[in-house]
Amino acid sequence: MHKYFFRHNNLTEKNEISKNGNIFSQILSSQSTEMNQLKTTLQQLYNLVVIAKEKADKDEFIDRLCKVELLVSNLYYSFFASPLELPEKSSSDLDFKGLILQAIETSKNLIEQINIPEENRTALIINLDLQNLLNII
């Protein structure tokens, strides 16, 4: 498991996750609220993708969502070295398109939280895959 730090970005006025600490920035503990927020965001995104996959009616949609699900799981594991929790049976009243729109917004929040090139690239791929899926609906 990698060691992650939080640093304060003066341009955005937010704390961001980074692989290296900077002596000029304030390093926060890994048990901070930002790490819990990242965990929550990844879990929400995973839940949305799994529920959308249950509501998908075309094999093409299911295949794309399986890819996104795998990317989210890998990203979560790279930070926390533990598996995601499986969501409960679909209790969402949103339709398929609504779930995808909500997943896109959640993935945008994820991109803002991560400041590590490899992991941020994965978050961008997740976002692009979801947007491509929305375009073909």
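Everything that follows concerns the structure shown earlier in this document.
Residues numbered from 1 in each chain as written. Predicted model: local features only at pLDDT ≥ 70, side-chain atom pairs only at ≥ 80, totals over all residues. Heavy atoms only, no water.

Asks: Quick question: what am I supposed to make of the packing of helix α1 (residues 33-55) against helix α2 (residues 59-80) here?
Replies: The packing of two helices is summarised by the inter-axis angle and the distance between the axes. Relative to each other, α1 and α2 sit at 160°, their axes nearing to 9 Å. If you check the angle between α1 and α2, you find them roughly antiparallel. Where α1 crosses over α2, the handedness of that crossing is left-handed. On α2, the residues that touch Met35, Leu38, Lys39, Leu42, Leu45, Tyr46, Val49, Val50, Ala52 and Lys53 of α1 are Ile62, Leu65, Cys66, Val68, Glu69, Val72, Ser73, Leu75, Tyr76, Phe79 and Phe80. Of the residues belonging to the contact of α1 with α2, the class tally is 17 nonpolar, 1 polar and 3 charged. (Axes fitted to C-alpha atoms, helices over the stretch in contact; angles between N-to-C directions. Helix = DSSP H or I, 4+ residues; strand = E, 2+ residues; numbered from the N terminus. Parallel < 35°, antiparallel > 145°, perpendicular 65-115°, else oblique. Left-handed = near helix turned anticlockwise from the far one by under 90°. Contact = heavy atoms within 4.5 Å. Nonpolar A, V, L, I, M, F, W, Y, C, P; charged D, E, K, R; others polar.)

Asks: Is there a simple way to think about the packing of aromatic side chains in this case?
Replies: Aromatic rings in a pair are described by how distant their centres are and how their planes are angled relative to each other. Tallied over the entire structure, the rule returns 3 aromatic pairs. A ring pair is formed by phenylalanine 79 and phenylalanine 80, whose centres lie 6.2 Å apart and whose planes are at 50°; its orientation type is tilted. Take phenylalanine 79 and phenylalanine 80: they sit in the same class, and that class is buried. Following the ring pairs from residue to residue traces out a cluster consisting of Tyr76, Phe79 and Phe80. It is lysine 39 that lies over the ring of phenylalanine 80; its NZ or CZ is 5.0 Å from the centre. (Phe/Tyr/Trp six-rings, centres within 6.5 Å; stacked < 30°, edge-to-face > 60°. Buried < 20%, exposed > 50% of the residue type's maximum accessible area, 1.4 Å probe, protein only. Lys NZ or Arg CZ within 6 Å of the ring centre and 35° of its normal.)

Asks: What's the story with the pattern of salt bridges in this structure? I'm lost.
Replies: Side-chain pairing between opposite charges can occur once the charged atoms of the two side chains come close. Per the counting criterion, the structure on display carries 4 salt bridges. Put simply, arginine 64 and glutamate 60 hold a salt bridge, and the shortest N to O gap is 3.7 Å. Pair noted here: arginine 64 and glutamate 60 are both in helix α2, with a separation of 4 residues, about one helical turn. The class of arginine 64 is partly exposed, set by a relative accessible area of 30%. Glutamate 105 is the partner of lysine 108 in a salt bridge, and the nearest nitrogen-oxygen pair spans 3.6 Å. (Salt bridge = Lys/Arg side-chain N within 4 Å of Asp/Glu carboxyl O.)

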